[in-house]
Protein chains: 2
Amino acid sequence: MKNIPIAITGLGMALPSQVLENEYFETLHKVAEGTIEAHLGIKTRRHSVDETQTALAARALQEALNHANYQFEDLDLLIHASVSFAYVLPNTATMIQCEMGKQNSGIPCMDVNMSCLSWLSAFEMAAGLLQTGRYRRIAIVSAEQPSKILNINNLETHALFGDAAAATIIELPKQGNQGILKSKFQTYSDGWDLSIVPGGGLVKSPLHHEMACEDYTFQMDNRRLLLYSLKKLKTFFSEFIDDTTTWESIDKIVPHQASRAGLDFFTNHYQLGEKVVRNIEHRGNCVAASIPLALCEHHKNGNIKRGDCVLLIGTAAGISIGGILIEF
Amino acid sequence: MKNIPIAITGLGMALPSQVLENEYFETLHKVAEGTIEAHLGIKTRRHSVDETQTALAARALQEALNHANYQFEDLDLLIHASVSFAYVLPNTATMIQCEMGKQNSGIPCMDVNMSCLSWLSAFEMAAGLLQTGRYRRIAIVSAEQPSKILNINNLETHALFGDAAAATIIELPKQGNQGILKSKFQTYSDGWDLSIVPGGGLVKSPLHHEMACEDYTFQMDNRRLLLYSLKKLKTFFSEFIDDTTTWESIDKIVPHQASRAGLDFFTNHYQLGEKVVRNIEHRGNCVAASIPLALCEHHKNGNIKRGDCVLLIGTAAGISIGGILIEF
């Protein structure tokens, strides 16, 4: 594959202020102290109180614009890449433009959704748009509030997810070899029902069906999802890692923070050790914001440096698998 | 702008079997015979009974694959580009893969949403992906069932919309100049509340709000939406049409079939006459499926021919405006 030039020149993030400790969930769900950390590997996560999804998104986007030293008006396109959405219509990117106070800017607003891989798939699409020469600077924002669709009677999912927004500014590199070295996406829809929000779409519409509250919440078959994802991930890597792309050639790996069990298996199975970047311990699973958030945090703390060969990788409801290897 | 090579090699469509005449709505809403045709310029539209969104999508996609002489497995990517969605999670492209019986194909499935311009924005993104050299053939499917989210107490919207699916197979042209000659997208979010489905997203979630049925239905401020869209459309064309892109150089125009009033104004204001392709009379406004459906129907009936210079153009909730000029 030829290298696709693309540079991430701005990174931003936003977290809601409310930090929820495990004690809160352990008391609520009447389980022993330490259960959640032992089981999920998570110590804290943030759940929004009053801050809206678009407000979180706007904060992250402004930080990314500041980082890249651009104004909103410098953008040629704003992509919102998330599972969460503000309204069924219009799309959420439009509402983020509005939240930024840029209602008359004319900057086009599009939404992309590939479940937890929404940011990664939007990054791939944006790389293509840069190639056309018609877009110079694209913002991709992932703003997720899974806390709003969790079943509070299910400890496993209630304590797993965290709210967050992450934003990236991408453009053609001014110099050097920054770009996509390799990318691959796959979807296997026989896993469609392993991880689902059943209600709210056309299949179970509140207008035409008697709905229970649980219908609007995230539901997963945790064990089957993990086993199926790992099986498909092995097939994925048997093709992705080859003579030119060895594990040794990769400096850092930023996986979707789906679960501690998944991260552990992945890290140990391929003997990747410290290369694998984590933020699940204090962020939880932030859905599509996980990957760009981890990239942003670990760039800020110096763990991921310019010039590093970074693998962005994850699984998503569908199930889908996606990986993009970049020179950062 | 340089030409971006792209060829639409397959076109397909699917309509639900139930045809609704104006008489049905005029009786239900107790208005005089002829009111709807006089007001909306629509004679019939299709509303689904038992057929699901994904079944419609699969039928259209199969027709497009047959037209292009490909199997599903020949695709490198399946994009679903619509407002309608089957589930909140996973995305609808995944459910279409499942409906096609291709659960183990691995073909990646992504959703794109720019309201009524979803197909057009997905086409732009897909053109970029082809440019990267990593995708050879991409299917874009728009499957809309607005009938499922209409307020049956509101005649204006109830009789305006129709269900439909349309699919396109795109790839690099094998020869000739097929491609995007020019494209432009704009979003002005000060029009966000002129056309909206207020409930079902995070802003008014059924889990956290007392909801009325109307909250889940499509609502528009028809007069303000038309005036605002036409105003922004004039600005759009004042930039889009220039010395190199004259109205005379365009053979056919395929507009989003938003409303008869909008189509009439556009056609008359720019004196476009027979160049403007319509299907609203028997399809209604089919949301994001409108443009690819009209393209498919008018290619089938010989009105749009290979080599024609075709302008694909529309407005969308947001509001957004988009135009792509192609050599078809």
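As shown above, the structure is provided for reference.
Residues numbered from 1 in each chain as written. Chains lettered and ligands numbered in written order. Predicted model: local features only at pLDDT ≥ 70, side-chain atom pairs only at ≥ 80, totals over all residues. Heavy atoms only, no water.

(A) Geometry of the overall build of chain A. Check the secondary structure of chain A and you find 10 helices and 14 strands. Taking 20 Å as the expected radius of gyration for a compact globule of 328 residues, we find that chain A reaches 19 Å, a close match to that expectation. Counting the 328 residues in chain A, one finds 66% classified as buried. Put simply, of all contacts in chain A between residues at least 6 apart along the chain, 74% involve residues at least 24 apart. Accessible surface, chain A: about 11,800 Å² in total, of which carbon and sulfur atoms supply 48%. In chain A, 28 side chains carry a positive charge and 35 a negative one; their mean positions are 4 Å apart. (Helix = DSSP H or I, 4+ residues; strand = E, 2+ residues; numbered from the N terminus. Rg over C-alpha atoms; globule rule 2.2 N^0.38 Å. Buried < 20%, exposed > 50% of the residue type's maximum accessible area, 1.4 Å probe, protein only. Contact = heavy atoms within 4.5 Å. Areas by Shrake-Rupley, 256 points an atom, 1.4 Å probe, with all protein chains shown as cover. Lys, Arg positive; Asp, Glu negative; His and termini not counted. Charge placed at Lys NZ, Arg CZ, Asp CG, Glu CD.)

(B) Highlighting the sheet that holds strand E8 (residues 164-171) of chain A. Taking strand neighbours across the sheet as the criterion, the 10 strands line up as E2(A)-E8(A)-E7(A)-E5(A)-E6(A)-E6(B)-E5(B)-E7(B)-E8(B)-E2(B) in an open arrangement whose pairing is mixed. Edge positions in the sheet fall to strand E2 (7-14) of chain A together with strand E2 (7-14) of chain B, since each has one partner strand and no second. Averaged over neighbouring strand pairs, the angle between their axes works out to 20° when direction is ignored. Of the pairings in the sheet, the one linking E2(A) to E8(A) comprises seven bridges and is antiparallel in character. Counted as the bridge partner of A:Met13 is A:Ala166 from E8(A). With respect to the sheet, helix H10 (residues 290-300) of chain B is in contact with E2, strand E7 (137-144) and strand E8 (164-171) of chain B, its orientation differing from that of E2(B) by roughly 100°. (Pairing = 2+ DSSP bridges. Axes fitted to C-alpha atoms, helices over the stretch in contact; angles between N-to-C directions.)

(C) Spatial organisation of the pairing of strand E12 (residues 252-255) of chain A. Residue and element names in this part refer to chain A. Alternating positions in E12 separate into two faces, Lys252 and Val254 on one and Ile253 and Pro255 on the other, with burial throughout. The sheet contact formed by E12 and strand E13 (residues 309-316) spans four bridges and is parallel. Within E13, the residue paired with isoleucine 253 across the bridge is leucine 311.

(D) Quick look at the interface of chain A and chain B. In this complex, chain A contributes 77 residues to the contact, which on the side of chain B involves 76 residues. With both sides pooled, the region where chain A packs onto chain B buries about 6,500 Å², and carbon together with sulfur makes up 66% of that total. A per-residue breakdown of the area chain A buries against chain B is headed by A:Leu89, A:Arg134 and A:Leu202, which together make up 13% of the total. Linking chain A with chain B are zero salt bridges, by the criterion used here. For the pair chain A and chain B, the number of links is 33 residue pairs in polar contact (both at pLDDT 80 or more). Elements with a minimum of two residues in the side of chain A that touches chain B: helix H4 (92-99), strand E6 (109-113), helix H5 (118-131), strand E9 (179-187), strand E10 (195-196) and helix H7 (222-240) of chain A. Here the side of chain A that touches chain B gets seven residues from one element, more than from any other, and that element is E9(A). Per-class residue counts for the side of chain A that touches chain B are 40 nonpolar, 29 polar and eight charged. (Buried area = accessible area lost by both parts, 1.4 Å probe. Salt bridge = Lys/Arg side-chain N within 4 Å of Asp/Glu carboxyl O. Polar contact = N/O pair within 3.5 Å; in protein donor to acceptor, adjacent residues only side chain to side chain. Nonpolar A, V, L, I, M, F, W, Y, C, P; charged D, E, K, R; others polar.)

(E) Seen up close, the relation of the copies chain A and chain B. Aligned on chain B, chain A shows an RMSD of 0.0 Å; the corresponding rotation is 180° and the shift along the axis is 0.0 Å. Both copies are brought into coincidence by an operation consistent with a two-fold rotation axis. Relative to the rotation axis, the C-alpha of A:Gly128 is the closest in chain A, positioned 2.0 Å from it. Taken together, the interface assignments show that 99% of the residues at the interface of chain A recur at the interface of chain B, consistent with an identical surface on both copies. (Least-squares fit on C-alpha atoms with pLDDT ≥ 70 in both.)

(F) Inspection of the state of the cysteines at higher detail. Residues and elements named next belong to chain B. Per the stated rule, a full pass over the model turns up zero disulfides over all chains. Lacking any disulfide linkage, cysteine 98 is separated from the closest cysteine sulfur, that of cysteine 109, by 9.7 Å. Accessibility expressed as a relative area gives 16% for cysteine 98, which makes it buried. (Disulfide = S-S within 2.5 Å.)

(G) Broad picture of the sheet that holds strand E14 (residues 320-327) of chain B. Residues and elements named next belong to chain B. With respect to topology, five strands assemble into an open sheet ordered E1-E9-E14-E13-E12, the strand pairing being mixed. Whereas interior strands pair on both sides, the edge strands pair on one side only; in this sheet they are strand E1 (4-5) and strand E12 (252-255). Summarising the sheet, strand E13 (residues 309-316) and E14 pair through eight bridges and their orientation is antiparallel. When the bridges of E14 are listed, glycine 314 appears paired with glycine 322. Against the sheet, helix H7 (residues 222-240) makes contact with strand E9 (179-187), E13 and E14, and its axis sits at roughly 140° relative to E9, the strand it touches most.

(H) Highlighting the environment of B:Pro255. Residues and elements named next belong to chain B. Residue placement: proline 255 occurs in strand E12. We classify proline 255 as buried; its relative accessible area is 4%. Spatially, the C-alpha atoms of proline 255 and alanine 294 are 8.4 Å apart, while their sequence positions differ by 39 residues. Ignoring anything within four residues of it in the chain, the contact list for proline 255 reads Leu263, Val276, Val277, Ile291 and Ile313.

(I) Layout of the pairing of strand E7 (residues 137-144) of chain A. Residues and elements named next belong to chain A. Burial within E7 is extensive, with eight of its eight residues counted as buried. Along E7, one buried face is formed by Arg137, Ala139, Val141 and Ala143 and the opposite face, lined by Ile138, Ile140, Ser142 and Glu144, is buried too. Where strand E5 (residues 77-81) and E7 come together, four bridges link them in parallel fashion. Of the residues in E7, the one forming a bridge with leucine 77 is isoleucine 138.

(J) Focus on H10(B). All names here are of chain B. In terms of burial, H10 is largely enclosed, as 10 of its 11 residues are buried. Along H10, the positions that sit buried rather than exposed are Ser290, Ile291, Pro292, Leu293, Ala294, Leu295, Cys296, Glu297, His298 and His299. Just downstream of H10 lies glycine 302, where phi reads positive at about 85°.

(K) View of the packing of H7(A) against helix H8 (residues 260-269) of chain A. All names here are of chain A. Packing of H7 against H8 leaves a shortest axis separation of 11 Å and a crossing angle of 30°. Viewed along their axes, H7 and H8 form a crossing whose handedness is right-handed. Where H7 approaches H8, its residues Leu226, Leu230, Lys234 and Phe237 are matched on the opposing element by Ala261, Gly262, Phe265, Phe266 and His269. When the residues that make up the contact of H7 with H8 are grouped by side-chain class, the tally is six nonpolar, two polar and one charged. (Left-handed = near helix turned anticlockwise from the far one by under 90°.)

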